[in-house]
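These are the residues of each chain, in order.
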Amino acid sequence: MLDKSIQVGIIGLGMIGGSIAKTLSKKGFKVFARDINENTLKNAINDKEICGSLEELDQDINFILIFTVPVLSVGEELIKNKELLSKALLVSDGLSVKNSLKKEIEKNKFKTENFIFSHPIAGSEKSGYLNSKEGLFNNKITVITKLPQSTQVAIDTCIDLWSLLGAKTINLNLEDHDKYFAQTSHLPHFIAFALISMISKSEDPKKDTFTGGGLKDITRIASSDPKMWEDIFISNRLNILKVIKSFKSEIDKFEKLIEEKDAKEINQFIKNAKNFRDSLT
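Summarised in this report is the structure supplied together with it.

About the cut-offs
- Residues numbered from 1 in each chain as written.
- Predicted model: local features only at pLDDT ≥ 70, side-chain atom pairs only at ≥ 80, totals over all residues.
- Heavy atoms only, no water.
- Helix = DSSP H or I, 4+ residues; strand = E, 2+ residues; numbered from the N terminus.
- Buried < 20%, exposed > 50% of the residue type's maximum accessible area, 1.4 Å probe, protein only.
- Contact = heavy atoms within 4.5 Å.
- Areas by Shrake-Rupley, 256 points an atom, 1.4 Å probe, with all protein chains shown as cover.
- Polar contact = N/O pair within 3.5 Å; in protein donor to acceptor, adjacent residues only side chain to side chain.
- Core = buried A, V, L, I, M, F, W, Y, C linked by side-chain atoms within 4.5 Å.
- Phe/Tyr/Trp six-rings, centres within 6.5 Å; stacked < 30°, edge-to-face > 60°.
- Pairing = 2+ DSSP bridges.
- Axes fitted to C-alpha atoms, helices over the stretch in contact; angles between N-to-C directions.
- Right-handed = clockwise from strand over helix to strand, strands pointing away.
- Expected span 1.5 Å × (residues − 1).

Here we take up the overall build of the protein. Across its full length, the protein holds 11 helices and eight strands. Based on the C-alpha atoms only, the size of the protein along its principal axes is roughly 70 × 40 × 35 Å. Expressed as a percentage of its 281 residues, the buried residues of the protein come to 41%. Taking the contacts inside the protein whose residues are at least 6 apart along the sequence as the reference set, 72% of them involve residues at least 24 apart. Accessible surface for the protein amounts to roughly 16,100 Å². Of this, 53% is attributable to carbon and sulfur atoms.

Written as structure tokens, this is what we have:
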């Protein structure tokens, strides 16, 4: 369990960063932060969710550093905080794409003994500090990825951190992480954005009237933060393009069955999909 004398520095007070701050503050930890939006920082201080700005963190006392900014902004933030990186007990993140983060670290030749990548499977289509909340990670899973030079101290600290936040940790290697989440997270968002875009361009004047529960359920995530998903689609584009191709293949198969009025195979296609969906917890 983490000692409460350990400080926490958070770069980016959005949904994930803000929720980390709120949860740890309530547990008695001193949390410091930096955010591009000064009003967000002021609100967090006024709400007593953080003790102050990142500049106020005492570098002579053990601290953890967590980056929860958009994927393509993390390189710049790593450079800005270069001095802190080498002193931190643990450096982690909350990003859903890891290879781009690894490239930034390698390009700038940062030492990685204290780096452990983290990806909390939490949050929603809502974004920003105002939508963050204490306890967001309770009973959720956080995927952690160690690097070749990661120390056992860093690994243990990262596991303890997420346990304190209420999450269970699962280990996953770097390459598999971006492949898996291209399929299970990035593709669903791609589909939701594309589907809503198609409907929005319809010339039918009643397109807003007949948006039933099914459409709203399947496209809820189309309300997600545009900047965050712009970065994800660009940074993980090769894996995403591969799964888009596979998805198109399934559409073609299903379309053909409908064209041929093959009731038996249409039913089986749907049944197979239903059975797998029902097996998900």
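Turning our eyes to something else, we now look at the side chain of E49. Position of E49 among the secondary structure elements: in the loop between α2 (38–46) and β3 (52–53). Polar contacts involving the side chain of E49 include one to the side chain of K26, which spans 3.3 Å.

The next thing to look at is the nonpolar core. Judged by nonpolar contacts, the single largest core of 32 residues is most densely connected at L13, I20, L24, L161 and W162. It is helix α6 (residues 152–164) that contributes the most residues to this core, six residues altogether. When sequence neighbours within four positions are dropped, the list of residues in contact with L161 reads L2, L24, I64, I66 and L90. L78, L84, A182 and V243 belong to the second largest nonpolar core, which has 31 residues in total.

Right, let's get into the packing of aromatic side chains. Under the defined criterion, the tally for this structure stands at four aromatic pairs. When the centroid spacing of 6.1 Å and the interplanar angle of 80° are considered together, the rings of F193 and F233 count as edge-to-face. In this pair, F193 sits in helix α7 (residues 174–200) while F233 sits in helix α9 (residues 226–235), placing the two residues 40 residues apart along the sequence. Using a relative accessible area of 24% as the deciding quantity, one classes F193 as partly exposed. Ring plane angle 15° and centroid distance 4.2 Å describe the contact between F254 and F269, whose orientation is recorded as stacked. With a gap of 15 residues between them, F254 in helix α10 (residues 237–259) and F269 in helix α11 (residues 263–279) connect regions that are remote in the sequence. Classification of F254 as partly exposed rests on a relative accessible area of 25%.

This part covers the sheet that holds strand β2 (residues 31–34). Reading across from one edge, β3-β2-β1-β4-β5 is the order of the five strands in this open sheet, with parallel pairing throughout. Taken across any chain shown, the strands that pair with only one partner, and hence form the sheet edges, are β3 and β5 (90–93). In terms of strand pairing, β2 meets β3 through two bridges, oriented parallel. Within the sheet, the bridge partner assigned to F32 lies in β3 and is G52. Contacts from helix α1 (residues 15–26) reach β1 (7–11), β2 and β4 (63–67), with the element oriented near 160° to β1.

This part covers the pairing of strand β7 (residues 141–146). Bridging between strand β6 (residues 116–121) and β7 involves six bridges; their strand directions are antiparallel. Within β7, the position partnered with I121 by the bridge is I141. In the sheet, β7 pairs with strand β8 (residues 168–171) via four bridges, with the strands oriented parallel. Bridge assignment links V143 to a residue of β8, and that residue is I170. With α6 bridging β7 and the parallel β8, this β-α-β connection has right-handed handedness.

This part is about the side chain of S224. Relative to the helices and strands, S224 resides in the loop between α8 (213–218) and α9. According to the relative accessible area criterion, S224 is buried, its value standing at 7%. A distance of 2.6 Å separates the side chain of S224 from the backbone oxygen of I221, its partner in a polar contact. Setting aside chain neighbours within four positions, we find S224 in contact with E125, H189, F193 and W229.

This part covers α1. Residues that lie three or four places apart on an α-helix share one face, since the helix turns once every 3.6 residues. In this model α1 runs 17 Å from its N-terminal to its C-terminal C-alpha over 12 residues, within 8% of the 16 Å that 1.5 Å per residue would give. Counting buried residues along α1, 11 of its 12 residues qualify, which places the element largely inside the surrounding structure. Regarding α1, the residues found buried are M15, I16, G17, G18, S19, I20, A21, K22, T23, L24 and S25. Lining the buried residues of α1 we find β1, β2, β4, β6 and α6. Two residues or fewer past α1, G28 is found with a positive phi of approximately 95°.

Attention shifts here to the sheet that holds β7. Spatially, three strands are ordered β6-β7-β8 in an open sheet, and the strand pairing comes out mixed. Here the strands that pair on one side only, and so sit at the sheet edges, are β6 and β8. The mean angle between the axes of side-by-side strands here comes to 30°, regardless of whether they run parallel or antiparallel.

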